[in-house]
Amino acid sequence: MSTEGDVLISDRTLVDMDEPSNYKEAMAGTEAAKWKESMESEIQSMHENQVWNLVDPAPGTKIVGRKWIFKKKTGMDGNVHTFKAKLVAKGYTQTQGIDYEETFSPVAKIKSIRILLAITTFHDYEVCQMDVKTAFLNGKLTKEVYMAQLEGFIDPKYPNRVCKLERSIYGLKKASRSWNLCFHEKIKEFGFSRSEGESCIYIKASRSNAVFLVLYVD
């Protein structure tokens, strides 16, 4: 237990979140309704971003597997506040040169973030932070990738069809790379240029002010 004066959080809360390891476990447990709601929210995001189209697979088409990842997020008090269901592709079944090519994606260095924060503090500049939900869904694929329909969400009219992915999703070998390239091209349209010494720091300068943008992927 925590020390006196602190919020009481049991060791079990910190270590054992009792998270289901697969779809069947999630639907068989007492928290099935909450996991179902989270999965529906994830599917809605997929539809809104037009991540895939259902198609009839051609003979010999390679189908990438998929699975649900279930996580519980807690607040400062140790209590569960969010049930998160994330759809991921089984990218380990992809073959380099056939399903994907380059996978490298840069990320801002921690020391670069600290330096910029020190500069903003010294000069009393403004700092804004934002988190992008389902960011990887903005990355477009350059190769054809087919994925099996999702457990619990198989189209009853077309149960034998597969998902032809139009955008990258978590788990694909090239997901982070596709998203990074998309971000780079879009941010340039707003007048930002990439720093020569740090691939994930962008600058937009004018005579009166300058804006620094730091891109960090957790």
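Rules behind the numbers
- Residues numbered from 1 in each chain as written.
- Predicted model: local features only at pLDDT ≥ 70, side-chain atom pairs only at ≥ 80, totals over all residues.
- Heavy atoms only, no water.
- 1 Å grid on protein atoms, 1.4 Å probe; cavity = no way out; pocket = protein on both sides within 12 Å on 5 of 7 lines; lining within 4 Å.
- Points joined across faces, edges and corners; volume = space filled by probe spheres on them.
- Nonpolar A, V, L, I, M, F, W, Y, C, P; charged D, E, K, R; others polar.
- Pairing = 2+ DSSP bridges.
- Helix = DSSP H or I, 4+ residues; strand = E, 2+ residues; numbered from the N terminus.
- Phe/Tyr/Trp six-rings, centres within 6.5 Å; stacked < 30°, edge-to-face > 60°.
- Buried < 20%, exposed > 50% of the residue type's maximum accessible area, 1.4 Å probe, protein only.
- Lys NZ or Arg CZ within 6 Å of the ring centre and 35° of its normal.
- Core = buried A, V, L, I, M, F, W, Y, C linked by side-chain atoms within 4.5 Å.
- Contact = heavy atoms within 4.5 Å.
- Salt bridge = Lys/Arg side-chain N within 4 Å of Asp/Glu carboxyl O.

If a probe the size of a water molecule is rolled over the atoms, the empty space left behind becomes visible. Approximately 1,700 Å³ is the volume found for the largest pocket. For the largest pocket, the lining is made up of 40 residues, of which Gln 129, Met 130, Asp 131, Val 214 and Tyr 216 are closest to its centre. Residues belonging to the lining of the largest pocket are distributed by class as follows: 27 nonpolar, four polar and nine charged.

Here we take up the sheet that holds strand S5 (residues 140-147). Overall, mixed pairing links the four strands, which are arranged S1-S6-S5-S2 in an open sheet. Of all the strands in the sheet, just strand S1 (52-55) and strand S2 (63-64) have a single pairing partner and so form its edges. One ladder, built from four bridges, connects S1 with strand S6 (residues 162-167); its direction is antiparallel. When the bridges of S6 are listed, Asn 53 appears paired with Lys 164.

Here the focus is the packing of aromatic side chains. The final tally for this structure, using the stated rule, is five aromatic pairs. Taking the centre distance of 4.9 Å and the plane angle of 80° together, the rings of Trp 35 and Phe 83 count as edge-to-face. In this pair, Trp 35 is assigned in helix H3 (residues 32-48) and Phe 83 in strand S4 (residues 80-89), connecting sequence segments 48 residues apart. Grouping residues by exposure puts Trp 35 and Phe 83 together as buried. The interplanar angle of 50° and the centroid separation of 6.0 Å between the aromatic rings of Trp 68 and Phe 153 together place this pair among those described as tilted. Placement of the pair is Trp 68 in strand S3 (residues 66-74) and Phe 153 in the loop between S5 and S6, with a sequence separation of 85 residues. According to the relative accessible area criterion, Phe 153 is partly exposed, its value standing at 25%. Within the aromatic cluster, the residues linked to one another by ring pairs are Trp 35, Trp 68, Phe 70, Phe 83 and Phe 153. Lying across the ring of Phe 153, Lys 36 places its NZ or CZ 4.6 Å from the centre. Residue placement shows Arg 161 over the ring face of Tyr 158; its charged tip is 3.8 Å from the ring centre.

Right, let's get into the nonpolar core. In terms of nonpolar packing, the biggest core is built from 35 residues, with Trp 52, Trp 68, Leu 87, Met 147, Leu 165, Ile 169 and Leu 172 touching the most fellow members. Looking at this core, the elements that each hand over two or more residues are helix H2 (23-28), H3, S3, S4, S5, S6 and helix H5 (175-188). Residue contacts for Leu 87: discarding those within four places in its chain leaves Glu 42, Met 46, Trp 52, Arg 66, Lys 67, Trp 68, Met 147, Leu 150, Ile 169 and Tyr 170.

All right, on to the sheet that holds strand S7 (residues 193-194) then. Strand order in the open sheet made by the three strands is S7-S8-S9, with antiparallel pairing throughout. Edge positions in the sheet fall to S7 and strand S9 (210-214), since each of these pairs with one other strand and no more. Two strands pair when backbone bridges link them, and S7 and strand S8 (residues 201-205) are joined in this way by two bridges, in the antiparallel orientation. Counterpart to Ser 193 in the pairing with S8 is Ile 203.

Moving on, we get to the pattern of salt bridges. Considering all chains together, one arrives at five salt bridges under this definition. In this structure, Lys 164 engages Glu 166 in a salt bridge whose closest nitrogen and oxygen atoms are separated by 3.4 Å. Given a relative accessible area of 30%, Glu 166 falls into the partly exposed group. Taking the shortest distance from any N to any O, the salt bridge between Glu 185 and Lys 188 comes out at 3.6 Å. With Glu 185 and Lys 188 both in helix H5 and three residues apart, the pair spans about one turn of that helix.

Everything listed is a geometric property; what it means functionally is a separate question.
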